[in-house]
Each structure stands twice: as structure tokens, then as C-alpha cells.
Amino acid sequence: SLVMGIESSCDETGVGIVRGTELLTNTVSSSMAEHVRFGGVIPEIASRAHLEAFVPAVRAALAEADVTLEQIDAIAVTSGPGLAGALMVGVAAAKALAVATGKPLYAINHLVAHVGVGLLDGTDELPDHLGALLVSGGHTEILAVHDIVGDVRLLGATIDDAAGEAYDKVARLLGLAYPGGPAIDAAAKEGDPEAFRFPRGLTAGKYMGSADNPGPHRYDLSFSGLKTAVARVVEAFEAAGTPVPVADVAASFQESVVDVISRKTVLACTEHGITTLLMGGGVAANSRLRELVTARCAEHGIRVVVPPLSLCTDNGAMVAALGSRLVSSGVAPTGLSFTADPGLPVTTVSVPAGT
Ligand code: ATP
Ligand code: MG
Ligand code: FE
């Protein structure tokens, strides 16, 4: 079936259209340029930008996919998590489209969509023993995906900052541009990842325990200590009046992040019989993370599915992709009475009918 996905949880206004598991179009416009000077997304600006961008984005997506609104079988929209005001614009727009066209509407989870987009591969089969690594601006989670349309379980998560948040904060410390992920990714390519030995959060024995007797944070992650360690190093250079070796600090910081994420992910996968790992979220665009997770998973016979770069950060295609899975699995549409939920938990794949 033909499904339109609408995304507005942060600064991207995304409209994507899929046919089954085939991507037809992915239209994304972002208000990021308006947030850069504030060093973070300003909710009011993002909401207004969504309002302005929505109708042109729908028109562009339909034109690119060469379909009409009437031909669309179902509409899916991100109902959470995300910025309340930003989500509300997309939800209101999707409801209006659904009412005007009489199409079924699915309210779906942005985080599950981030990893579910990996299943947009043109084939209908779902791999068995699925897991997911979600690494984004607001979330960092290791998931067991028993059923992508209804049974997603949390194995581990960050106990403080999300991976993307850590990238953004460290980039600021290093005087790199916001958003920091791509800037650090690029700077790190020129640096030595072993120049500084930064801490690996929650990897000490007391947190890890053993497979038989797991510690309290065996699969959990923490990046705030790492960020503080980077700040101390930067301060020391500044106090000494010597230039901060930005590339070396960036590379060493990145190595700590990707080392811990990949180690804990492999551990969670092997101990839960996971043999295919979906990777998603903005930080899944990171070149070193893709490389190390793939290499370490390969050592344990785990296949990694990484979305193309354009589908890692927020977009409408991922929403359409998950919506399409819901339709083909016979999940009932949500209807029209739901509201945006900024704190929607990752275990709620889609909002149940009549909510
Ligand atoms: P969430 O999905 O948790 O609600 P979000 O939607 O704001 O958060 P995404 O759009 O998935 O987050 O990802 C944005 C984040 O990804 C930012 O923190 C950005 O710095 C980071 N990011 C983007 N590209 C890269 C990269 N190449 N390396 C590392 N981080 C990156
Ligand atoms: Mg964004
Ligand atoms: Fe996101």
C-alpha cells in the first residue's frame, strides 16, 4: 500500500511516501539555519517553520512520487517523542489531511521509526532475532525488537546525556559549529584517536557484572563523565595558553563514544540471541560508529543494517516506512482523538486505536 509519513518532532519538516517497503520520496526541509546562532533548537521558531513548510512539503512529495493524495492508502505521523509545539503542528496537519481525505491515520513513535527505516529495503520479509541500536540527539538505547509493529523492549539506555547531545556539547567546547555531530566526525578524521585516553562510561566491573550475574548497568551508557573529562583537557590547554589540539580531542572523544556503544551493543546482542541489528538515529550517520559497530558485530556473526545517511537524521520516509509495516501487519489505525505526546516511550510503537 501507499503510505505518507509526516515528521515534525524537532527542526525538520519531513514528508515521505513509500509503497510497501519501497521508498518513493523523502522531502525534508529544516529550520536548522535559524537555530544555529542560538546553539540549539528554539521550539517557537521550529513550530512556526513547520507551519510554513508543511503544505509545500506535501505538494512536493506528491509531485516527486508522482501520486495524488487520493491514491494514498494511509497516513502516518510522528506523535512523539519530541518538542511539544513542533509535534502538534505535524499532528494537526496529519489529522486535517486524514479528515479531508477520509484516509486512516496512524500515530507512530519517532524512535521506532528511526530504526524501522532500516527495513525499507524493498523486501517484505522481516529478519528473525532483531535488535536495534538507536543513537540520536535525544536518545541512546539498545532494543530487542520482538515485533517491529508491537513488541519493542528496552535492554539498555543512557543514564544521562544522549550520544548526539554529547557530540553537540563537546563540539561547543571545541568551538566547532552546531550541530556538533557532523563537525566532530569531520575533525576526528584529521586527529589521533589515541592522543587522549578518555573514560569509558559504565564499563567498570561493578556496573557490568557478568552474564550470569549482571551488574546494574550492564547494557547502559553514560556520556556526562566523558564530556566533563573533555572539558578538563580543553581548560588545561587554555590555562597553559597553548592552542587546543581540536582534531586530536575530537578523535579521542569520538573513540570513547563509539568504543562503549559498540561493546555494549555487541554484548546485549550476543546475550539476547540477536542476529540482525538495525541501527538508526542521527548519530548512526557517524562514520566511525558505523565502521566499529559493523566490525565488532561481524566478529560475532551479527548482521548490521545501517540506513543511508539521508535516512539517519529526522525525515518523513522513516515515519512512512513504519506506517507501512503497521498497515501490512493489519494493525488498527489510531484514529483522530490522540494528541501529541512529547514523552512517548520507545516501547509504544504506535498509539492504539481510540486513544
Ligand atoms: P530524537 O530522535 O532522540 O528525538 P533528534 O531527532 O533531535 O533526537 P536526530 O535528528 O535523530 O535527533 O539526530 C540529531 C543528532 O545527530 C544531533 O545531535 C547531531 O549532532 C547528531 N549527528 C548528526 N550527524 C552526525 C555524525 N556524522 N556524527 C555524530 N553525530 C551526528
Ligand atoms: Mg534535527
Ligand atoms: Fe530523531
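Everything that follows concerns the structure shown earlier in this document.
Keep in mind it's a predicted model, so treat the numbers as computed, not measured. (Residues numbered from 1 in each chain as written. Chains lettered and ligands numbered in written order. Predicted model: local features only at pLDDT ≥ 70, side-chain atom pairs only at ≥ 80, totals over all residues.)

Draft legend 1. Layout of the overall build of the protein. For the protein, the count of helices and strands is eleven helices and ten strands. Computed over its C-alpha atoms, the radius of gyration of the protein comes to 20 Å, within 12% of the 20 Å expected for a compact globule of 355 residues. The dimensions of the protein, computed from C-alpha atoms along their principal axes, are 65 × 50 × 30 Å. Per-residue burial for the protein yields a buried fraction of 53% across its 355 residues. Within the protein, residue pairs in contact and separated by at least 24 positions form 76% of the contacts whose partners lie at least 6 positions apart. (Helix = DSSP H or I, 4+ residues; strand = E, 2+ residues; numbered from the N terminus. Rg over C-alpha atoms; globule rule 2.2 N^0.38 Å. Buried ≥ 20, exposed ≤ 12 C-beta atoms within 10 Å, placed from the backbone. Contact = placed C-beta atoms within 7 Å.)

Draft legend 2. Quick peek at helix H11 (residues 316-328). With 13 residues, H11 extends 18 Å between its outermost C-alpha atoms, agreeing within 8% with the 18 Å of an ideal straight helix rising 1.5 Å per residue. Burial within H11 is extensive, with twelve of its 13 residues counted as buried. By the burial criterion, the buried members of H11 are Gly316, Ala317, Met318, Val319, Ala320, Ala321, Leu322, Gly323, Ser324, Arg325, Leu326 and Val327. In this structure, the buried residues of H11 make contact with strand E1 (2-7), strand E2 (12-19), strand E3 (22-30), strand E4 (74-80), strand E5 (105-109) and helix H4 (110-116). One or two steps after H11, the chain reaches Gly330, where phi turns positive at roughly 75 degrees. (Expected span 1.5 Å × (residues − 1).)

Draft legend 3. Spatial organisation of the packing of helix H8 (residues 224-240) against helix H9 (residues 246-271). Between H8 and H9, the least distance of the axes is 11 Å, while the angle of their chain directions is 165 degrees. Here H8 is positioned roughly antiparallel relative to H9, judged by the angle of their axes. When you trace H8 past H9, the crossing you get is right-handed. Seen from H8, the contacting residues are Leu226, Val230, Val233 and Val234; seen from H9, they are Val249, Phe253 and Ser256. Among the residues making up the contact of H8 with H9, the classes are represented as six nonpolar, one polar and no charged. (Axes fitted to C-alpha atoms, helices over the stretch in contact; angles between N-to-C directions. Parallel < 35°, antiparallel > 145°, perpendicular 65-115°, else oblique. Left-handed = near helix turned anticlockwise from the far one by under 90°. Nonpolar A, V, L, I, M, F, W, Y, C, P; charged D, E, K, R; others polar.)

Draft legend 4. Focus on the packing of H9 against helix H10 (residues 287-299). Relative to each other, H9 and H10 sit at 35 degrees, their axes nearing to 9 Å. Here H9 and H10 pass one another in a crossing that is right-handed. On H10, the residues touching Gln254, Val258, Ile261, Ser262, Thr265, Val266 and Cys269 of H9 are Arg288, Leu289, Leu292, Val293, Arg296 and Cys297. Per-class residue counts for the contact of H9 with H10 are eight nonpolar, three polar and two charged.

Draft legend 5. Layout of the environment of Glu299. By the element assignment, Glu299 lies in helix H10. Separated by 33 residues in the primary sequence, Glu299 and Val266 place their C-alpha atoms 9.4 Å from one another.

Draft legend 6. Structural detail: the sheet that holds E2. Pairing is mixed in the open sheet, where five strands are placed in the order E3-E2-E1-E4-E5. Edge positions in the sheet fall to E3 and E5, since each has one partner strand and no second. Ignoring strand direction, the axes of neighbouring strands in this sheet form an average angle of 20 degrees. Taken together, the six bridges between E1 and E2 define a ladder with antiparallel strand orientation. Note on E2: the bridge partner recorded for Met4 is Ile17. (Pairing = 2+ DSSP bridges.)

Draft legend 7. Layout of the site of ligand 1. Close contacts around ligand 1 come from 25 residues, with Gly137, Gly138, Gly164, Gly181 and Gly282 the closest. Among the secondary structure elements, those contributing two or more residues to the shell around ligand 1 are H4, helix H5 (163-173) and helix H6 (180-188). Broken down by element, the residue count for the shell around ligand 1 peaks at four residues, all from H6. Tallied by class, the residues present in the shell around ligand 1 amount to seven nonpolar, 15 polar and three charged. (Near = placed C-beta within 6 Å.)

Draft legend 8. Layout of unusual backbone geometry. Cis peptide bonds are those with omega within 30 degrees of zero, and the linkage from Gly80 to Pro81 qualifies with -10 degrees. Tracing the backbone shows Pro81 in the loop between E4 and helix H3 (84-101). Phi angles above zero are rare outside glycine, and Leu202 is one such case at about 55 degrees. Inspection of the secondary structure puts Leu202 in the loop between H6 and helix H7 (205-208). Taking the C-beta count within 10 Å as the criterion, Leu202 has 24 such neighbours and is therefore assigned buried.

Draft legend 9. Seen up close, the nonpolar core. Counting 114 residues, the largest nonpolar core has Ala76, Val77, Ile184, Leu277 and Ala321 as the members making the most contacts within it. Counting residues per element, this core draws most heavily on H9, at 13 residues. Setting aside anything within four residues of it in sequence, one finds Ala76 in contact with Val3, Gly5, Tyr106, Ile108, Val319, Ala320, Leu322 and Gly323. (Core = buried A, V, L, I, M, F, W, Y, C linked by C-beta atoms within 7 Å.)

In short, shape yes, function no, at least from these values alone.
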